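Okay, here's what each chain looks like letter by letter:
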Amino acid sequence: MDNIELWQSVLAQMQFHISKANFSTWFQNTEIISKNCEKIIISVPNAFSKEWLSNKYNKLILKTLHDIDDSIKELDFVIKPQPLKNNPIKITIENERPEDSQLKFEEFKVNKETNLNPRYLFSNFVVGSFNELAHAAALAVAENPGLTYNPLFVYGGTGLGKTHLIQAIGNKISEESKKKKVKYISSEKFVSSIVSAIRTNSMETFKASLAPIDVLILDDIQFIAGKNKSQEEFFHVFNSLYEKNKQIILSSDRPPNAIAELEERLRSRFEGGMIADVSLPDYETRLVILKTKLQEKNMDLPEDVLDYIATNVKKNIRELEGALNKILIYNKINQGLNLETVKKLLKGFVFSPFDVANYKKIIETVSKFYNLEEKNLFDPTRRKEIVKPRQVAMFLLRRELKYSFPAIARKFGGKDHTTAIYAFKKIQQENEENSKLTEELNLIKQRIYSA
Ligand code: ADP
Ligand code: MG
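Residues numbered from 1 in each chain as written. Chains lettered and ligands numbered in written order. Predicted model: local features only at pLDDT ≥ 70, side-chain atom pairs only at ≥ 80, totals over all residues. Heavy atoms only, no water.

Attention now moves to the sheet that holds strand β4 (residues 152-155). Read from one edge to the other, the open sheet built from five strands follows the order β5-β6-β7-β4-β8, with strand pairing classed as parallel. Only two strands of the sheet have a single partner each, and these edge strands are β5 (182-186) and β8 (274-277). Across the sheet, the axes of successive neighbouring strands diverge by a mean angle of 15 degrees, strand direction being ignored. The pairing of β5 with strand β6 (residues 215-219) spans five bridges and is classified as parallel. Bridge pairing in β6 places Val182 opposite Val215. Lying over the sheet, helix α5 (residues 132-143) contacts β4, β7 (247-252) and β8, oriented at roughly 140 degrees with respect to β8. (Pairing = 2+ DSSP bridges. Helix = DSSP H or I, 4+ residues; strand = E, 2+ residues; numbered from the N terminus. Axes fitted to C-alpha atoms, helices over the stretch in contact; angles between N-to-C directions. Contact = heavy atoms within 4.5 Å.)

The following block contains the structure:
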């Protein structure tokens, strides 16, 4: 077996162990460049691949090589730079404003039957520890709709891949079985359909139109909170699909138990299946995501630029993609991209350490999270719906901004500072004992830091 064949068979094996997106990011442009006795040397295109492969995949590659040829005992990586592809850009942006082309590329053509966007697939969904559980659950549901987890409830902050993931399930199911009827509906649209069906006295027709569905995907279900008539109708729709083992997939910006004004019976239905969250990707994963997006578009950027984006654009994946697109469009129109230009272009995407959290953001985010008006937080009341959010706000002012207790007390209408100390201790202790609160605090913090 020559080196090429040897490496081909290693690559074939590796594909079983890691996701397609990861595979193509880290193994593209690699080859065996030398083999002497016990040692194999693999060339990789850049320092990132080298670091990643030797830290994460060294053992697996070595074992795979050793299984094929047991004289191989050692592995090393060397960098062999690849020439940049020259301008292999696929999106056409001539005669268009950059924003237009970006939008077009985003929107693709949505399938009229299913409402699914064909761009949202498992194969271009990058998996890391931040979304592993949600991804595994989604895959299980896609393979066995109606029979594994029902409903599947995916939650997490904005721009973290919920829509992508739940649509990937739909795309996979309808691709594998044309007979299965899949329907994706945003909750906003769903609610407005219910409202207009009620108004026009055509609820039965609306329900009949949902009856043949095998897989119902409702995005951003938190939107239904507080809309009582819609919740009631949805409860019946849910039950009739559920009883027939039809798959129901929901997404939300928070877990069911944190959706205020959600009917108890719906909450318990939502909690009856699998609940999985998506959170923020780390640096390595952000880099994989950037490279995956580049590959999808068949484009390339210098490593230092990618490193800069992955290091600095942390808010969410949508922003990461937005930053990348901005650079790509600039690069297409102007020749020659350097790091200084990139820094200028990405000003709006990058946090400065001074503007991450502040008083205003904490108050705004906490009240919004608990569906209160900001001024309610300061109401001198002992009502539970207000007391807890107020204590959370005080806790965060102390924890995140290091406000003194008297300063916190002053902000909250000159209360005695022992009230602030009490609030801080209470939330701190409850945070340790009550996982629901911990989760709420995490979600709130995520929002504060990405606002
Ligand atoms: P959400 O619904 O949580 O607000 P989206 O699913 O709309 O987020 O994701 C925002 C953008 O980021 C989309 O373009 C999506 O393709 C991309 N994206 C999100 N998560 C991933 C991922 N894990 N891998 C690749 N792309 C992702
Ligand atoms: Mg979404």
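Turning our eyes to something else, we now look at the site of ligand 1. Lining the immediate surroundings of ligand 1 are 18 residues, of which Val126, Gly159, Thr163, His164 and Glu321 lie closest. Note that an oxygen atom of ligand 1 is positioned 2.8 Å from one of the side-chain N or O atoms of Thr163. Considering ligand 1 on its own, with 560 Å² of exposed area, one finds that the protein chains cover 96% of that surface. Split by domain, the residues of the shell around ligand 1 number at least three in each of domain 2 (132-278) and domain 3 (286-351). (Near = heavy atom within 4 Å. Polar contact = N/O pair within 3.5 Å; in protein donor to acceptor, adjacent residues only side chain to side chain. Areas by Shrake-Rupley, 256 points an atom, 1.4 Å probe, with all protein chains shown as cover. Domains from an automatic or database assignment.)

Our next topic: the packing of helix α15 (residues 359-369) against helix α16 (residues 384-401). In the contact formed by α15 and α16, the axes pass within 10 Å of each other and the chain directions differ by 150 degrees. With respect to α16, the element α15 is oriented roughly antiparallel. The chirality of how α15 crosses α16 is right-handed. Mapping the contact onto sequence places Tyr359, Ile362, Ile363 and Val366 in α15 and Pro389, Val392, Ala393, Leu396, Leu397, Glu400 and Leu401 in α16. (Parallel < 35°, antiparallel > 145°, perpendicular 65-115°, else oblique. Left-handed = near helix turned anticlockwise from the far one by under 90°.)

It is worth spelling out the environment of Leu165 at this point. Considering the arrangement of structural elements, one finds Leu165 in helix α6 (residues 162-176). A relative accessible area of 0% means that Leu165 is categorised as buried. Separated by 34 residues in the primary sequence, Leu165 and Asn131 place their C-alpha atoms 9.8 Å from one another. Residues within four places of Leu165 in sequence aside, it is in contact with Phe122, Phe125, Ala134, His135 and Ala138. (Buried < 20%, exposed > 50% of the residue type's maximum accessible area, 1.4 Å probe, protein only.)

This model, assessed by the stated rule, comprises 13 aromatic pairs. Where Phe234 meets Phe238, the ring centres are 6.0 Å apart and the plane angle is 85 degrees; that geometry is what we call edge-to-face. Taken together, the residues span about one helical turn, with Phe234 and Phe238 both in helix α9 (residues 228-243) at a distance of four residues. The class for Phe238 is buried, based on a relative accessible area of 1%. Judged by centre distance (5.2 Å) and plane angle (25 degrees), the rings of Phe395 and Phe424 are stacked. In this pair, Phe395 is assigned in helix α16 and Phe424 in helix α18 (residues 417-433), connecting sequence segments 29 residues apart. Across the pair, exposure class does not vary: Phe395 and Phe424 are buried alike. A connected cluster of aromatic rings, assembled from ring pairs, spans Phe153, Phe190, Phe206, Phe234, Phe238, Tyr242 and Phe270. Between the NZ or CZ atom of Lys227 and the centre of the ring of Phe223, over which it lies, the distance is 4.1 Å. If you follow Lys411 out to its NZ or CZ, it ends over the ring of Tyr359, 4.2 Å from the centre. (Phe/Tyr/Trp six-rings, centres within 6.5 Å; stacked < 30°, edge-to-face > 60°. Lys NZ or Arg CZ within 6 Å of the ring centre and 35° of its normal.)

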